[in-house]
Structures are given as C-alpha cells and as structure tokens.
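Chain by chain, the residues:
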Amino acid sequence: DSVFGQLIVMATVGAATLPVGGREVSITPGTVLSALPEHLNTAMLVDRRILIIENGAIMPQCHHLKLPETWADAVMIYRGHRENARHVRNIIDNQPGSNLGLFYDYDPEGLAMALAFGKGDILVPVLPDRDAPSNREVFRRQAAAMKRLERMVADSTWADTVAAMKSRELAVMQEHMLAHGVPLIAQPVIAG
C-alpha cells in the first residue's frame, strides 16, 4: 500500500465546496485536497454534482477544463488507484445519476469504463471534423477494447458515437483536452 493510497483526492471548480471534517471546505483553483474516507461526509455529496476524473495528473488544473454550464460548480474526485479506488467506487454507487459525471479519456478503454457505471453523464469532447488531438497509435493498441465497446453499445444511443470514434481512430487523452481547450458536453450514460 502506498503512503497516501487510502486518501480520496478532490478538487473543486466554480463555487463548489467539499464536506470534510464536519464543515464545508472551500479550496482555491489549482489546489487539490486529500482526505481519509471517514473525514468526507459522503451523505452531503449526494446533493451536489460530483465529477469523477480518470487521470489524477489533471486534478490541479481541472478548473481550466471547458465544462458544460451544468457542471461548472462540480466537486472533482480522482477515480483512485488501488486502495482508494474502492472508496471512490462507494461514493459513485451512492451518488444519484442526476449528480454523477464521469470524465475519462475519450478512447475505447476510457469510454467503456465510464459506460460500465450504468448511470450519470459522461463528459465527452466536442472535436473538430479534422485535426482532432488524437493519438491514433493508442487507439490502434486498443483494438480488443474497441470490440468490447462495440458489443457494449450495440442498439444503444452510444452506437453512433462509438462508430465515429472507430472511423476517426480517436484516442483523446484528458491532458490533451485540457491543453487544447477542447469544450466538453455531457451525454447521459442511459438515454431517458
């Protein structure tokens, strides 16, 4: 186990605050707060929008993401790695879908991970028709994941999105979306 492996890593955007240690904590942009799960009031999280971030490296800069307005005041939570991933999964399981956002790499593996939660909104990039900041080598290494993803979304509202990802060989990492100022839109995991 790592020294900080049990900590839940969080940041905020807009006017969001974090319910930690029995009070609301406000942190400035560029700040990341880590807390033991027992110090985070997860019951209070259900009333606010939380956005699960796949890549912890973007957490200090998450306030620069081009979020849709409905997610402008979100609590950002790193999905975790090893020990803390279990605690974050508990938060996700208890979060109502209307207040759950998932922001993962826009590639076959990332989209499949986000869709697997079965609820919430997935934040996806609005990409230009040409010159999207895509890493086609990464996409090509995910051929097996693409096949699983295609089976997962067959006959769903995500089928066209996945077909476009495949035809354009899109693998757009969160870091690239941040660096290139790519606008994001929210799409429901399950169309309602």
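What counts, and at which threshold
- Residues numbered from 1 in each chain as written.
- Predicted model: local features only at pLDDT ≥ 70, side-chain atom pairs only at ≥ 80, totals over all residues.
- Heavy atoms only, no water.
- Axes fitted to C-alpha atoms, helices over the stretch in contact; angles between N-to-C directions.
- Helix = DSSP H or I, 4+ residues; strand = E, 2+ residues; numbered from the N terminus.
- Parallel < 35°, antiparallel > 145°, perpendicular 65-115°, else oblique.
- Left-handed = near helix turned anticlockwise from the far one by under 90°.
- Contact = heavy atoms within 4.5 Å.
- Nonpolar A, V, L, I, M, F, W, Y, C, P; charged D, E, K, R; others polar.
- Buried < 20%, exposed > 50% of the residue type's maximum accessible area, 1.4 Å probe, protein only.
- Polar contact = N/O pair within 3.5 Å; in protein donor to acceptor, adjacent residues only side chain to side chain.
- 1 Å grid on protein atoms, 1.4 Å probe; cavity = no way out; pocket = protein on both sides within 12 Å on 5 of 7 lines; lining within 4 Å.
- Points joined across faces, edges and corners; volume = space filled by probe spheres on them.
- Arc of directions from axis to C-beta.

1. Concerning the packing of helix H5 (residues 143-153) against helix H6 (residues 159-168)
Working step 1: Where H5 meets H6, the axes come as close as 9 Å, and the angle between the chain directions of the two elements is 160°. By the angle between their axes, H5 is roughly antiparallel relative to H6. Note that H5 runs across H6; the crossing there is left-handed. Taking contact as the criterion, the partners of Met146, Leu149, Glu150 and Val153 in H5 are, on H6, Ala159, Val162, Met165 and Lys166.
Working step 2: The residue inventory of the contact of H5 with H6, partitioned by class, reads six nonpolar, no polar and two charged.

2. Considering the side chain of Ser134
Working step 1: Within the secondary structure layout, Ser134 lies in the loop between strand E8 (121-125) and helix H4 (136-141).
Working step 2: The buried category is assigned to Ser134, whose relative accessible area is 17%.
Working step 3: Of the polar contacts made by the side chain of Ser134, one reaches the backbone nitrogen of Ala171; its length is 2.9 Å.
Working step 4: Beyond its immediate chain neighbours, meaning those up to four positions away, Ser134 contacts Glu169, Leu170, Ala171 and Val172.

3. Things to note about empty space enclosed by the protein
Working step 1: Scanning the model with the defined rule gives one cavity of 30 Å³ or more in all.
Working step 2: Estimates place the volume of the largest cavity at around 40 Å³.
Working step 3: Taken together, Tyr104, Asp105, Tyr106, Leu111, Ile122, Leu123, Val124, Pro125 and Met177 make up the full set of residues lining the largest cavity.
Working step 4: No other element matches E8, which puts four residues into the lining of the largest cavity.
Working step 5: Within the lining of the largest cavity, the residues separate by chemical class into eight nonpolar, no polar and one charged.

4. Let's talk about the environment of Gly22
Working step 1: Topologically, Gly22 is positioned in the loop between strand E2 (18-20) and strand E3 (23-25).
Working step 2: Counting along the chain gives 19 residues from Gly22 to Asn41, while the straight-line C-alpha distance between them is 7.3 Å.

5. A word on H5
Working step 1: Turning to H5, its buried residues are Ala145, Met146, Leu149 and Val153. Taken around the axis of H5, the buried residues stretch over an arc of 100°, which confines them to a single face. Looking at H5, the residues exposed on the side facing more than 90 degrees away from the buried face are Lys147 and Arg151.
Working step 2: Each element contacted by the buried residues of H5 is listed here: helix H3 (108-115), H4 and H6.
Working step 3: Looking one or two places after H5, you find Asp155, whose phi comes out positive at around 60°.

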